[in-house]
Structure formats: structure tokens, C-alpha cells
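What follows is each chain in one-letter form.
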Amino acid sequence: MISGIGLSRLADHTKTDRNETASFWVAKKKNAPLTEQEQALLETWLANDVRNKGALIRAEVVWQATSRSVALRTDKPILPEKNKSAVTTDFPVSRRHVISGLAASLALCMLPRTSHEMGRFYSTTDNTLDTQIPQIGQVSLDSYSQIRKYGTSIDHLAGRCLLSCSHPAELRLEHIHATVSGKLQSSLSVEKNRLLLLEGQAKIMRNFYDQPIVLSPGEELCVSSTGKLTRRKLLPDEITRETNWAQGIVELYGQPLSEVAATFNKYNQKKIFVHGKARSLVLLGSFALKDPDTFIDAVRSTLHIDGVVTSGRIDLY
């Protein structure tokens with residue numbers, strides 16, 4: 001257990017700061033696999049507030065960036081031979097210090113900045129991004145996503161990214177290196193990372209000594225948190241559902257209204273809150289992700305529930 005933050009305290013989300021909690025979970029997952037109890041607590045915390053997922057993604061980004069910075073450092077001191085035995089005892093660093101550093105770094109990682117060494121960051125919160133990146137091609141980012149452009153390659157750090165390029169470009173995820181010529185969607189989550197080739201060709205490698213995996217259009221490659229690879233061909237309807245976000249569309253086919261509201265909240269500053277029995281109601285159809293007002297009109301007229309619209313929020317009862 002990490003000092004200062006117990007599981008009993010995490011169970012009550014009112015007693016911990018969101019960024020502090022996110023940093024705790026990232027550090028704990030990197031240290032060892034979560035137990036069933038811990039996994040249940042994490043899932044409960046993520047379900048409590050859509051903003052918690054964003055905090056967890058940002059904490060993952062900070063962890064990855066910190067790990068890479070340490071690995072790439074060239075200013076590490078060279079100690080005399082006689083002092084080497086003292087390296088591990090002179091400057092003890094606890095896991096609590098790591099978590100504190102992560103939480104403090106979250107605010108810094110959200111500041112816009114560009115440096116020659118670190119490349120250029122592109123990120124989203126409750127919106128999406130479509131942009132042309134020099135030397136790469138067209139890139140679309142889903143909500144709560146982040147990439148870093150470095151030279152002629154992209155590091156995918158969080159969320160979901162759709163890369164379209166007419167010439168070979170490089171896309172790097174954790175433990176995966178893809179060379180793409182065409183259109184490739186990459187998705188990162190706590191459970192697994194996924195690559196879906198839509199057009200052209202993609203050559204995937206995990207290690208330099210491995211044989212490359214060549215995907216054809218419609219194929220998806222999944223890499224679990226344990227490193228297990230799964231490859232399969234998706235049906236056209238599955239591909240459509242996986243890429244609807246890039247078209248600005250959400251397709252509803254029986255999800256409860258509470259779940260649909262959380263999806264809309266990922267793309268809009270005007271948030272939807274569902275109360276009481278309305279949470280379990282369902283609605284079918286396709287809607288524009290960035291037009292919550294039209295969706296609410298359909299909900300009220302079809303499901304005959306009450307709604308109150310105020311500045312910055314919509315409440316359904």
C-alpha cells in the first residue's frame with residue numbers, strides 16, 4: 001500500500017483530490033497488477049465522474065513522459081568506483097514522492113509549450129481536433145487524447161488518434177512501432193491498445209528482432225496490458241461504430257441514457273445530467289456528438305421526460 005492514500009480512503013471520492021487519485025492508480029498499476037478489489041475500486045471511481053477518466057489519461061501521459069525523459073537523460077553523474085555502493089542509500093525516493101511528483105506535474109503538462117527536444121504536443125479535452133501535421137499527414141484526435149510530433153514520427157500518448165498519410169509515416173505506442181501508408185486508427189486504454197487499419201498498409205513491430213506484422217484494410221491488432229496479441233478482421237458495421245467519432249456521430253442502439261449522457265459530455269462544455277428513472281431509459285438513432293440540444297429535444301419528445309436547460313448544463317428527470 002502506498003503511504004498516505006489507503007484503499008478505504010479511495011473508496012470515498014470526496015476525500016481525495018482527483019489528480020492525486022489518478023496519480024495513485026497509475027503508479028500502482030505500473031508497480032504491480034491490480035487485485036480484484038483494487039480493480040473494482042478503480043472502475044467505481046471512473047464511473048463516478050466523466051472527468052476522472054480525463055485525469056487518469058493525463059496521469060498516464062505524465063508517467064510515460066517522465067519515464068522517457070529519465071531514459072533519455074545524458075547528464076547522469078558518473079560516480080567514482082568507491083562510491084557506487086552508496087548510490088541506493090544516499091537519496092531514498094518513496095513511491096509517495098513519485099505520486100506527489102505526478103500530481104504536481106499534471107498542471108504543467110497541460111500548459112502549451114514547444115521545445116526542439118520534446119517535439120510538439122497536440123491534445124484535446126471535451127472536444128476533438130483535425131489538423132494537418134507537416135511531414136506526417138492529416139491527424140484527427142478524439143476527446144481526451146494526446147500525441148507528440150517528433151521529427152517524422154508521432155508518439156501516441158493517450159486516447160484515440162486517426163492518422164491519414166499518403167507517404168510512409170511512423171506511429172509509436174507503448175511497446176509498438178507502426179509504419180503506416182494509408183489510414184490507421186490507434187486507441188489506448190487501461191486494458192489494451194488497439195490498431196485498426198482502414199486503408200493502405202501498416203507494418204507493426206514490437207521489438208527490432210521480431211518479424212513485422214503486416215495488416216490489411218479492415219484488420220485490427222490488439223495488445224493487452226500483459227502483452228498478449230490478438231488479430232482479427234472486423235465487419236463493416238464494427239468498423240463504422242469504431243470510427244463514428246471521427247465523423248462527429250454517435251450511434252445509439254440500446255445504451256442507457258446515463259451512458260449516452262457521459263458520451264456527449266466528452267465532446268461538449270454543456271454537460272448533461274440524468275436523474276432517477278430516466279437513467280435507465282434507452283433511445284435509438286444517430287445524433288451529432290457536438291449538438292447536445294438536438295439530442296435533448298429528441299429525448300424529451302420520444303421518451304416524454306422532463307428536462308431543465310440552464311447555462312452550461314442540461315438536467316433530465
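Residues numbered from 1 in each chain as written. Predicted model: local features only at pLDDT ≥ 70, side-chain atom pairs only at ≥ 80, totals over all residues. Heavy atoms only, no water.

Right, let's talk about the overall build of the chain for a bit. On a plain count of helices and strands, the chain comes out with nine helices and 17 strands. Considering the chain as a whole, with its 317 residues, one finds that 39% of them fall into the buried category. Within the chain, contacts between residues separated by at least 24 positions form 46% of all contacts whose residues are at least 6 apart in sequence. Entry remark: accessible area of the chain is about 17800 Å², with carbon and sulfur atoms responsible for 53%. (Helix = DSSP H or I, 4+ residues; strand = E, 2+ residues; numbered from the N terminus. Buried < 20%, exposed > 50% of the residue type's maximum accessible area, 1.4 Å probe, protein only. Contact = heavy atoms within 4.5 Å. Areas by Shrake-Rupley, 256 points an atom, 1.4 Å probe, with all protein chains shown as cover.)

It is worth spelling out the packing of aromatic side chains at this point. The description of an aromatic ring pair rests on the distance of the ring centres and on the angle between the ring planes. Scanning the entire structure with this criterion turns up three aromatic pairs. Ring centres of Phe264 and Phe295 lie 4.4 Å apart, and the angle between their planes is 20 degrees; on these two criteria the pair is classed as stacked. Here Phe264, found in helix 8 (residues 257-265), pairs with Phe295, found in helix 9 (residues 292-303); they are 31 residues apart in sequence, far enough to count as distant. Residue Phe264 shares its accessibility class with Phe295, and that shared class is buried. With 5.3 Å between their ring centres and 80 degrees between their planes, Phe287 and Phe295 make a pair best called edge-to-face. (Phe/Tyr/Trp six-rings, centres within 6.5 Å; stacked < 30°, edge-to-face > 60°.)

Taken N-terminus to C-terminus, the directions of helix 8 and helix 9 make an angle of 165 degrees; their axes are 11 Å apart at the nearest point. Considering their axes alone, helix 8 and helix 9 lie roughly antiparallel with respect to each other. In terms of crossing hand, the pair formed by helix 8 and helix 9 is left-handed. Here Leu257, Val260 and Phe264 of helix 8 come into contact with helix 9, specifically with Pro292, Phe295, Val299 and Leu303. (Axes fitted to C-alpha atoms, helices over the stretch in contact; angles between N-to-C directions. Parallel < 35°, antiparallel > 145°, perpendicular 65-115°, else oblique. Left-handed = near helix turned anticlockwise from the far one by under 90°.)

What follows is about the pattern of salt bridges. Within this structure, the stated rule accounts for 13 salt bridges. Close ionic contact of Glu38 with Lys28 constitutes a salt bridge, the shortest N to O distance being 3.2 Å. Placement of the pair is Glu38 in helix 3 (residues 36-48) and Lys28 in helix 2 (residues 18-31), with a sequence separation of ten residues. The class of Lys28 is buried, set by a relative accessible area of 13%. We note a salt bridge from Arg160 to Asp142, for which the minimum N-O separation is 2.7 Å. Here the residue Arg160 occupies a position in strand 7 (residues 160-173), and Asp142 occupies one in the loop between strand 4 (137-141) and strand 5 (146-150), the gap between them amounting to 18 residues. (Salt bridge = Lys/Arg side-chain N within 4 Å of Asp/Glu carboxyl O.)

Moving on to unusual backbone geometry. With a phi angle near 70 degrees, Gln135 is a residue other than glycine that sits in the positive phi range. If you trace the backbone, Gln135 turns up in the loop between strand 3 (129-133) and strand 4. Even without a glycine there, the phi angle at Tyr144 is positive, about 50 degrees. Looking at the element boundaries, Tyr144 is found in the loop between strand 4 and strand 5.

Another aspect to go through is the side chain of Glu220. Take Glu220: it is sitting in strand 11 (residues 219-224). Within the structure, the side chain of Glu220 is placed 2.8 Å from the side chain of Arg194, a separation counted as a polar contact. Once residues within four sequence positions are removed from consideration, Glu220 is found in contact with Arg194, Leu195, Leu196, Thr230, Arg231, Arg232 and Leu234. (Polar contact = N/O pair within 3.5 Å; in protein donor to acceptor, adjacent residues only side chain to side chain.)

A word on the pairing of strand 9 (residues 192-205). Relative to strand 9, strand 8 (residues 176-188) runs antiparallel, the two sharing twelve bridges. Bridge assignment links Leu184 to a residue of strand 9, and that residue is Leu197. Connecting strand 8 to the antiparallel partner strand 9 that follows it, the hairpin turn spans three residues. Looking at chain direction, strand 9 and strand 11 are connected through five bridges and run antiparallel. Its bridge partner lying in strand 11, Asn193 is registered against Val223. Across three bridges, strand 9 lies against strand 10 (residues 213-215) in antiparallel orientation. Among the inter-strand pairings, Ala202 is bridged to a residue of strand 10, identified as Leu215. (Pairing = 2+ DSSP bridges.)

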